[in-house]
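# A structural walkthrough
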Amino acid sequence: MEIHNDKIKQQFDLRSSSFDRSVYWVTDPGLIAAHVRLAGAPGRSLEMCCGTGAVSRGLKAAGWDCSGIDISAGMVSEASKHIHAQVGDVANMPFPDHSFDLVVMRQAYFLLDDGPAALREVRRVLKPGGRFILSHLVPFSSIDREHLRKVHTVKQAQMRKFHTTETLSQELEENGFSVRAHDQAVVRESVTLWMREAPELSEATRQEVCSLVANSPTDYRQLRRVEVVNGEIMEDWNFVLILASPK
Ligand SMILES: C[S@@+](CC[C@H](N)C(=O)[O-])C[C@H]1O[C@@H](n2cnc3c(N)ncnc32)[C@H](O)[C@@H]1O
């Protein structure tokens, strides 16, 4: 666990200053607006694994009082420019019980060694009636699932589990949450940019990821609209947003 978290800190400290521009989805207005819509009426929010706090910036603009927590000091330093952010592990958070109206976690659950511990912490810090938004990059369907799993396995050595909408919903239900609603946001992404801005990877790994997408199976390419535009490999990425509340 410590070694895993040390590798996470190392990777995201390295990426913190360029994270917002390292991939389009981080600041994509449509994706952020989808979070704000599901969040409901403003109150106190906590972004777990907040990174640079991009989702919280959207929530703040909509009137939320935003806090964040992340294990990478570099990420916290970026997020602190916008919200109250602090360094910590989401498996054991330094916040009192029942202190937030909303908890949100985007594109981080797959990195956690102990997902259930983080979900216990969500239940503990949420006020009665509070909401949890778990959002994640997932395959569109069984058509792109196995090839996307391959791409992400090569790209992210710290991935603990490859998730689909079904596995995320199941983990929530098995860990004391009721799933209330799903939303989806599709972001047109540049795989070339993603790899250009991945300093933690070797050149060979970056090339392997590009080649896996550029030479993907026909049904994957059609579903995800893979194409090369001005030398950039572009494809659609599918985000699911799951709104849940403690049972
Ligand atoms: C892919 S980034 C996503 C950042 C942010 N959630 C967003 O969507 O812009 C994953 C983040 O999770 C953080 N992280 C991973 N494991 C963590 C843990 N156990 N506790 C706190 N943060 C963690 C990383 O440091 C990194 O900032």
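Please refer to the structure higher up on the page.
In this text, all values refer to a predicted model and were calculated from it rather than measured experimentally.

### Points about the nonpolar core
Counting residues in each nonpolar core, the largest one holds 51 residues, and the members touching the most others are Trp25, Leu59, Ile133 and Trp194. Every residue in contact with tryptophan 194, bar those within four places of it in the chain, is listed here: Ser22, Val23, Val151, His152, Lys155, Val209 and Trp237. Phe95, Phe100, Tyr109 and Val240 belong to the second-largest nonpolar core, a separate cluster that totals 27 residues.

### Focus: the pairing of strand 1 (residues 44-48)
Strand 1 sits mainly inside the fold: 4 of its 5 residues count as buried. The pairing of strand 1 with strand 2 (residues 65-70) spans 5 bridges and is classified as parallel. Bridge pairing links leucine 46 to serine 67 in strand 2. In this fold, the crossover linking strand 1 to strand 2 by way of helix 3 (residues 54-61) has right-handed handedness. The pairing of strand 1 with strand 4 (residues 100-106) spans 3 bridges and is parallel. From the neighbouring strand, serine 45 faces strand 4, where its bridge partner is leucine 102.

### Overview of unusual backbone geometry
Most peptide bonds are trans, and most residues other than glycine sit at a negative phi. The backbone of cysteine 49 shows a phi angle near 55°, a positive value even though the residue is not glycine. A residue is classified by how much of its surface remains accessible, and cysteine 49, at 19% relative accessible area, is buried.

### Re the pairing of strand 5 (residues 126-138)
In the sheet, strand 4 pairs with strand 5 via 6 bridges, with the strands oriented parallel. Counted as the bridge partner of leucine 102 is arginine 131 from strand 5. Handedness of the β-α-β unit built from strand 4, helix 5 (residues 115-125) and strand 5 comes out right-handed.

What counts as what
Residues numbered from 1 in each chain as written. Predicted model: local features only at pLDDT ≥ 70, side-chain atom pairs only at ≥ 80, totals over all residues. Heavy atoms only, no water. Core = buried A, V, L, I, M, F, W, Y, C linked by side-chain atoms within 4.5 Å. Buried < 20%, exposed > 50% of the residue type's maximum accessible area, 1.4 Å probe, protein only. Contact = heavy atoms within 4.5 Å. Helix = DSSP H or I, 4+ residues; strand = E, 2+ residues; numbered from the N terminus. Pairing = 2+ DSSP bridges. Right-handed = clockwise from strand over helix to strand, strands pointing away.

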